[in-house]
Amino acid sequence: MRKLKNSKFAKLLSLTLAFIFVLGAFAGCGKDTEEETTTEVATTQAPKETVIRNPLTGESGYSKKLLKNRPVFVVVENHPDARPQWGLKSSDIVWEMVAEGGITRMLLMYADASRLPEKVGPIRSARHYFVDIAEGFDGIFVHFGYSPKAKSQIENHKVNNINGLVDNYFYRDSSRNVASEHTSYTTGEAIKKAIENKEYRTEIEADYKSPFKFNSKTKTLSAPCDKLTVAFSSSYTYTYHWSDKIQAYRSTLNGEAFVDSEGEQQSFENIIICYTDITSLNDSKGRMDIDFSEGRGIYASNGSYTEITWKKGDSDDMIKFYNKVGDELSLNVGRTYIAIMDESAEASNTIKK
C-alpha cells in the first residue's frame, strides 16, 4: 500500500511540474510576440514630410524661417504704355481685375517680401477691391495712390500699406518716353526697407490658415482644355495655350505673346476664373465695384479644366475655392493666374480642346 501511494504522488508531482513548464513556455512566447509586434510597428510608421513648400505655389525649396511671413501685394498696371511690365513673371500668383473703362490692373502676389524682384512695376493706384484681396490674406499692400473708396478702406481698416504718393521707396524710369503715371517702379530691397522702417508686423496672424491645398502629384481634371480665352473687354482679351513642353499655359494678350521687360512670356500652371457681379460706381472716373460674396468659376490645369465655386465674404475674409462636390479645391503645383470677371464675360470666354 505504501508503494502505491508513493507511485500516485510521483505521478501527481510530474503532472504538476509539466503544467508549470507549459505555462512558462506560453508566457515566454507571449513576451517574444509582444516585442516583435512593437518592433514591426516602429519600422512601418510613415516618415514625416520634411520638405518645406511655398504656401502659394506648393513648390519645394522654400525657406522654413520665412514660412510664417506675411505675403506682399503689388498693384501693377496694364495700360499699353505700361508694357512690357517690369517683374511680370516674378510673382507667385497674379490676380487681375478691371479698374475702369475695360482697362485691367494686376495684383502681383508674393509669399513674402524676399521674393520681390530687383524691379517691379509700373505701379499704379489702388481700388478698394484690390485691398479686399490683400486684407483677406493678411498681406502688406504696395500701391501708388488710390481711389476714394480704397483710401477710406486703407485708413479705416488700418491696412499696412506702402504708398508711392507719400512714401519714399519708389523710383521713375522715363526711358520709354511715356506719361509719368506709367513710369513708377520699386524694388525688393526698397519694400523690405519700408516694412522695416514702418515697423510693420512681418509674421502672419496666429489664426491664419494655409491659403491653398496642393496635389502631391499632378492631376488631370474633368475635361480637356488646350486653349482658354479670357476676355475682360475687346481691348483686353487673353488666350492661354497649353504647352506640353513647359507643362504650363502660355499667355497671349490680344493675339500677341504677353511678355515682360526681359522678353519672357508669361506662363502659369494654374488658371482660375471667378465670375461675379461687377457694377459701376457711377462716379466721374467710371470706377467699378465687385461683389466678393461668392460665385462660380472654372479651374484649368494640365491641359484640362473643371467647374468650381468660390466664396469670400467680408474684406478680411480669405477667398476660398471649392470643387464640384463642395470640398476645398486642390491645385497642381506651380504659379496661378486668377481673373475676377463679370458674369456676362462667361459668354465671351471659350474653352477648346
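In the block above lies the structure referred to throughout.
Nothing here was measured: the structure is a model prediction, and the numbers come from that model.

Q: Is there a simple way to explain helix α2 (residues 128-136) in this structure?
A: Residues lying three or four places apart along an α-helix face the same way, a consequence of the helix completing one turn every 3.6 residues. Where burial is concerned, most of α2 is hidden: nine out of the nine residues are buried. Residues of α2 that are buried: His128, Tyr129, Phe130, Val131, Asp132, Ile133, Ala134, Glu135 and Gly136. In this fold, the buried residues of α2 make contact with β1 (72-77), β2 (93-100), β3 (103-110), β4 (140-143), α3 (148-156) and β17 (288-290). Positioned one or two residues after α2, Asp138 has a phi angle of 55°, which is positive.

Q: Is there a simple way to explain the pattern of salt bridges in this structure?
A: Note that side chains of opposite charge can pair when their charged atoms are close. Per the stated rule, a full pass over the model turns up 15 salt bridges. One network of salt bridges, in which partners are shared, links Arg70, Asp138, Arg201 and Glu205.

Q: Looking at this model, I keep getting lost on the environment of Ala111. Mind explaining?
A: With respect to the helices, strands and loops of the structure, Ala111 is situated in the loop between β3 and α2. Sequence separation of Ala111 and Lys68 is 43 residues, and the distance between their C-alpha atoms is 9.4 Å. When near neighbours in sequence (up to four residues on either side) are disregarded, Ala111 contacts Asn54, Pro55, Leu56, Tyr62, Asn69, Arg70, Pro71 and Asp92.

Q: For this particular structure, what's the right way to read the nonpolar core?
A: Generally speaking, a soluble globular protein has its nonpolar side chains buried in company with each other. Of all hydrophobic cores here, the largest spans 86 residues; its most connected members are Trp95, Met97, Phe137, Phe141, Ile162 and Phe321. The residues touching Trp95, leaving out its near neighbours within four places in the chain, are Phe73, Arg105, Met106, Leu107, Met109, Ile133, Phe137, Ile319, Ile338 and Ile340.

Cut-offs used in this document
Residues numbered from 1 in each chain as written. Predicted model: local features only at pLDDT ≥ 70, side-chain atom pairs only at ≥ 80, totals over all residues. Heavy atoms only, no water. Buried < 20%, exposed > 50% of the residue type's maximum accessible area, 1.4 Å probe, protein only. Helix = DSSP H or I, 4+ residues; strand = E, 2+ residues; numbered from the N terminus. Contact = heavy atoms within 4.5 Å. Salt bridge = Lys/Arg side-chain N within 4 Å of Asp/Glu carboxyl O. Core = buried A, V, L, I, M, F, W, Y, C linked by side-chain atoms within 4.5 Å.

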